[in-house]
Amino acid sequence: MRIISWNVNGIRACAKKGFLEWLGSCEGNIVGLQEVRAKEEQLTAEIKAPEGWSSHWAAAERPGYSGVGLLSRQEPDAVETSMGEDRFDVEGRFQLARYGRLLIANCYFPNGNGKNRDLSRIPYKLDFYRCLFELLEPARERSTPILVMGDFNTAHREIDLARPKQNVKTSGFRPEEREELDRWIDSGWTDTFRHYTSEGDHYSWWSQRFGVRAKNIGWRLDMVLASEGAMPFLRGAAIHPDDLGSDHCPVSVDLDPAILG
């Protein structure tokens with residue numbers, strides 16, 4: 001079974017660029033979307049509930065901002081959208097779905113920049129990471145198979161962006177943000193793409209400035225992390241840079257269906 005994560009940078013804009021055609025051909029069983037930037041009532045029927053898919057949406061209170069969506073070939077057993085803190089819940093950044101034994105967290109992690117790119121949101125961003133970590137920790141300690149997928153808004157290592165030296169002071173590659181990902185990895189989570197691929201030049205986001213994507217001057221911000229309980233079922237992980245429609249591209253993992261129990 002294939003699980004896909006994609007920051008669509010506005011589902012309505014992405015739909016005009018072929019999202020539904022992509023969905024029909026992506027071979028995904030579960031698709032997590034981030035930065036939906038629309039409330040459910042603003043979606044057309046075809047996007048809100050694509051034929052053959054179960055759909056769940058979580059929007060931000062602020063119009064045209066953030067938001068996540070989850071599409072799956074089978075109805076999940078349960079979906080939660082609250083992290084237990086209003087300051088996170090109002091931004092529509094989180095879904096936790098259960099499919100049999102498998103837990104999937106679909107997340108749009110905050111950017112550390114404030115309105116004036118002043119790094120003022122970094123504390124909020126790190127608090128979001130830590131709140132999610134603590135939320136999942138009891139299940140991880142029970143060896144529950146868990147996947148955390150989404151736009152993490154952080155490039156973990158120098159290999160994960162084209163120009164690391166120029167961006168050490170930029171949100172998304174600052175030491176305190178990278179250290180938070182270190183904490184997850186050191187606690188037993190696995191970066192599924194790096195489990196299979198050690199070389200560079202693999203990115204999932206590119207600036208929309210002309211020519212940047214063609215030159216592959218990018219960042220790997222989109223990931224799927226797997227708990228120890230999920231790793232025995234992992235069969236592959238990939239980035240799909242040729243899938244257009246957003247400034248991000250989809251990332252995926254392939255799993256043994258036995259993970260569902």
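Conventions and cut-offs
- Residues numbered from 1 in each chain as written.
- Predicted model: local features only at pLDDT ≥ 70, side-chain atom pairs only at ≥ 80, totals over all residues.
- Heavy atoms only, no water.
- Helix = DSSP H or I, 4+ residues; strand = E, 2+ residues; numbered from the N terminus.
- Rg over C-alpha atoms; globule rule 2.2 N^0.38 Å.
- Buried < 20%, exposed > 50% of the residue type's maximum accessible area, 1.4 Å probe, protein only.
- Contact = heavy atoms within 4.5 Å.
- Expected span 1.5 Å × (residues − 1).
- Bend = angle between axes of the 7 residues up to and from the residue.
- Polar contact = N/O pair within 3.5 Å; in protein donor to acceptor, adjacent residues only side chain to side chain.
- Pairing = 2+ DSSP bridges.
- Axes fitted to C-alpha atoms, helices over the stretch in contact; angles between N-to-C directions.

Asker: Pulling in residues and values, what's your account of the overall build of the protein?
Answerer: Check the secondary structure of the protein and you find seven helices and 14 strands. A compact globule built from 261 residues would reach a C-alpha radius of gyration of about 18 Å, and the protein, at 17 Å, matches this within 12%. With the C-alpha coordinates of the protein rotated into their principal frame, the extents come out at 45 × 40 × 35 Å. Every one of the 261 residues in the protein was classed for burial, and the buried ones make up 55%. The long-range fraction of contacts in the protein, counting pairs at least 24 apart against all pairs at least 6 apart in sequence, stands at 69%.

Asker: An account of helix H5 (residues 122–141) is requested, with residue identities and associated values reported.
Answerer: For H5, which comprises 20 residues, the first-to-last C-alpha distance of 28 Å matches the rise-based estimate of 28 Å (1.5 Å per residue) to within 8%. Largest kink in H5: about 35 degrees, centred on Leu 135, with the proline Pro 138 one to four residues after it. At the exit of H5 stands Ser 143, carrying a positive phi of roughly 65 degrees.

Asker: Outline the side chain of His 156, listing residues and values.
Answerer: With respect to the secondary-structure elements, His 156 resides in the loop between strand S8 (146–151) and helix H6 (175–186). Within the structure, His 156 has its side chain in polar contact with the side chain of Asp 182 (distance 2.7 Å). With residues up to four places along the chain from it excluded, the contact list for His 156 reads Phe 173, Arg 178, Leu 181, Asp 182 and Ile 185.

Asker: Hey, could you go over the sheet that holds strand S13 (residues 234–239) for me, with residue numbers and the actual values?
Answerer: If you trace the six strands from one edge of the open sheet to the other, you get S3-S4-S2-S1-S14-S13, paired in mixed fashion. Of all the strands in the sheet, the pair left with one neighbour each is strand S3 (54–58) and S13. The average angle at which neighbouring strand axes cross in this sheet is 10 degrees, direction not considered. Examined bridge by bridge, S13 and strand S14 (residues 251–255) share five bridges and lie antiparallel to one another. Counterpart to Ile 239 in the pairing with S14 is Val 251.

Asker: Residue-level account of the sheet that holds strand S12 (residues 222–226), with values.
Answerer: Taken in spatial order, the six strands make up an open sheet running S5-S6-S7-S8-S12-S9, and their pairing is mixed. Edge positions in the sheet fall to strand S5 (78–80) and strand S9 (190–191), since each of these pairs with one other strand and no more. Examined bridge by bridge, strand S7 (residues 102–108) and S8 share six bridges and lie parallel to one another. By the bridge assignment for S8, Cys 107 is matched with Gly 150. Running at roughly 30 degrees to S12, H6 makes contact with S8, S9 and S12 of the sheet.

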